[in-house]
Amino acid sequence: TQLLEQSPQFLSIQEGENLTVYCNSSSVFSSLQWYRQEPGEGPVLLVTVVTGGEVKKLKRLTFQFGDARKDSSLHITAAQPGDTGLYLCAGEIFGNEKLTFGTGTRLTIIP
Amino acid sequence: DAGVTQSPTHLIKTRGQQVTLRCSPKSGHDTVSWYQQALGQGPQFIFQYYEEEERQRGNFPDRFSGHQFPNYSSELNVNALLLGDSALYLCASSFGVGYTFGSGTRLTVV
């Protein structure tokens, strides 16, 4: 059973468009992280959210942690080809010091 | 400042063989976690080492074992390799909150 479900699994859009990726679970997380991974590389941390309802912005990327700490979203404004990659959400459950990854969203931005 | 270093980068093994993968954590990090990532999927947690002890373990068989050394570096050993063990093996180090991942070792079992 996958603890964290991401949607969509694949997304291909034109440069300049906006998009949102979702990460959902029935479990409550103490913190949730978003990573981007490129082929042949390890995941690179984009952001960590720890407070329910928290919103963090990183240039054109906006991350939100759900009020109940069970879900999160990543919104990209004016997507660029450099945003192409595998986006992964990952969470830590209270009292359990391991990172559980989502199923991943493969994003392709078409120039 | 060097991040997480993994070796080797690529490896080809035959079914039934044994393999050892190595990880040097980021400077200042004392905890090492290992993940298996199949093609097109998210990483799956194998185990985590802290103070030279296995602190947490995921749903992997005993064929997967590990070790952490006093300098915090770590090894992942897999015995009796199966074709299904072919994957990218990622090492992540941490100190408190936040993980830094290495580039991984691509293991191919033939």
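Note: the structure precedes this text.
This is a predicted model, so every value here is computed, not measured.

Draft legend 1. Examining the overall build of chain A more closely. A count of helical and extended segments in chain A gives zero helices and eleven strands. Helices (α) and strands (β) of chain A occur, in sequence order from the N terminus, as β-β-β-β-β-β-β-β-β-β-β. Over its C-alpha atoms chain A spans a radius of gyration of 13 Å, differing by no more than 12% from the 13 Å that the globule rule assigns to 111 residues. Viewed in the frame of its principal axes, chain A has a C-alpha envelope of about 45 × 30 × 20 Å. Buried positions account for 44% of the 111 residues belonging to chain A.

Draft legend 2. Representation of the state of the cysteines. Residues and elements named next belong to chain B. Using the criterion set out here, one finds two disulfides over all chains in the structure. Sulfur-sulfur distance for the disulfide between cysteine 23 and cysteine 91 comes to 1.8 Å. Handedness here is read from the sign of the S-S torsion; for cysteine 23 and cysteine 91, about -60 degrees, the answer is left-handed. Of this pair, cysteine 23 sits in strand β3 (residues 19–24) while cysteine 91 sits in strand β9 (residues 87–94), placing them 68 residues apart in sequence. On the accessibility criterion, cysteine 23 (2% relative accessible area) is buried.

Draft legend 3. Layout of the interface of chain B and chain A. Each side of the interface is counted separately: chain B has 19 residues, and chain A has 20 residues. Each partner contributes to the roughly 1,500 Å² buried at the junction of chain B and chain A, and carbon and sulfur atoms together form 49% of this total. In terms of surface lost to chain A, no three residues of chain B exceed B:Gln56, B:Tyr99 and B:Phe101, which account for 33% of the buried area on that side. The interface formed by chain B and chain A contains zero salt bridges. Of all the secondary-structure elements, those providing two or more residues to the side of chain B that touches chain A are β4 (31–37), β5 (44–50), β6 (53–57), β9 and β10 (99–101) of chain B. Take the side of chain B that touches chain A: its biggest share by element is three residues, from β5(B). Class assignment of the residues belonging to the side of chain B that touches chain A gives a composition of eight nonpolar, ten polar and one charged.

Draft legend 4. Structural detail: the side chain of A:Gln33. Residue and element names in this part refer to chain A. Along the chain, glutamine 33 falls in strand β4 (residues 31–37). Owing to a relative accessible area of 0%, glutamine 33 belongs among the buried residues under this scheme. A distance of 2.4 Å separates polar atoms of two side chains, one belonging to glutamine 33 and the other to tyrosine 35.

Draft legend 5. View of the environment of B:Gln6. All names here are of chain B. Looking at the element boundaries, glutamine 6 is found in strand β1 (residues 5–7). Note on glutamine 6: relative accessible area 8%, which makes it buried. Distance in space between the C-alpha atoms of glutamine 6 and valine 78 is 16 Å, their sequence separation being 72 residues. Not counting chain neighbours up to four residues away, the residues in contact with glutamine 6 comprise Arg22, Trp34, Tyr89, Leu90, Cys91, Gly102, Ser103, Gly104 and Thr105.

Draft legend 6. Looking closely at the layout of surface pockets. As a volume, the second largest pocket reaches approximately 180 Å³. A:Gln37, A:Arg106, B:Gln37, B:Leu39 and B:Arg106 are the residues nearest the centre of the second largest pocket, which is lined by 14 residues in total. Taken together, the residues of the lining of the second largest pocket break down into five nonpolar, five polar and four charged.

Draft legend 7. Layout of the nonpolar core. Residues and elements named next belong to chain A. Core analysis: the largest hydrophobic core is formed by 20 residues, its most contacted members being Leu19, Leu32, Trp34, Leu74 and Ile76. The set of elements that each furnish at least two residues to this core consists of β3 (19–24), β4, β5 (44–49), β7 (61–65), β8 (71–76), β9 (85–93) and β11 (105–110). Apart from residues no more than four positions distant in its own chain, leucine 74 is found in contact with Leu19, Thr20, Val21, Trp34, Leu61, Thr62, Phe63 and Tyr87.

Basis of the calculations
- In this convention, every chain numbers its residues from 1, walking through the sequence in written order.
- Here every chain gets a letter starting at A, and every ligand a number starting at 1, in the order they are written.
- Only residues with pLDDT of 70 or above have their local features reported here, since the model is predicted, and side-chain atom pairs are shown and tallied only from 80 upward, although totals for entire chains, interfaces and linings are computed over all residues.
- In computing side-chain properties, one takes all heavy atoms of the structure into account and sets aside hydrogens as well as water.
- Put simply, DSSP H or I for four residues or longer makes a helix, DSSP E for two residues or longer makes a strand, and each gets a number counted from the N terminus.
- Here the globule rule is a power law, 2.2 Å times the number of residues to the power 0.38, and the radius of gyration is based on C-alpha atoms.
- Three labels apply to residues, based on accessible area from a 1.4 Å probe with only protein chains included: buried if under 20% of the type maximum, exposed if over 50%, partly exposed otherwise in between.
- Criterion for a disulfide: a pair of cysteine sulfur atoms within 2.5 Å.
- Contacts are assigned to residue pairs that have any heavy atoms within 4.5 Å of one another.
- What counts as buried area is the accessible surface, traced by a 1.4 Å probe, that two parts surrender upon association, with contributions from both included.
- Salt-bridge detection follows one rule: a side-chain nitrogen of Lys or Arg within 4 Å of a carboxyl oxygen of Asp or Glu.
- Here the nonpolar group is Ala, Val, Leu, Ile, Met, Phe, Trp, Tyr, Cys and Pro; Asp, Glu, Lys and Arg are the charged ones; every other residue, Gly included, is treated as polar.
- Pairing of N or O atoms within 3.5 Å defines a polar contact, subject to two protein rules: one partner must be a possible hydrogen donor and the other a possible acceptor, and residues neighboring in sequence count only if both atoms are side-chain atoms.
- Two kinds of site are reported from a 1 Å grid over the protein atoms alone, namely cavities, where a 1.4 Å probe fits but cannot get out, and pockets, open sets with protein on both sides within 12 Å along at least five of seven lines, and residues are called lining when an atom falls within 4 Å of a point.
- Grid points are joined across faces, edges and corners, and a volume is the space filled by probe spheres set on the points.
- To define a nonpolar core, start from buried Ala, Val, Leu, Ile, Met, Phe, Trp, Tyr and Cys residues and group those joined through side-chain atoms within 4.5 Å.

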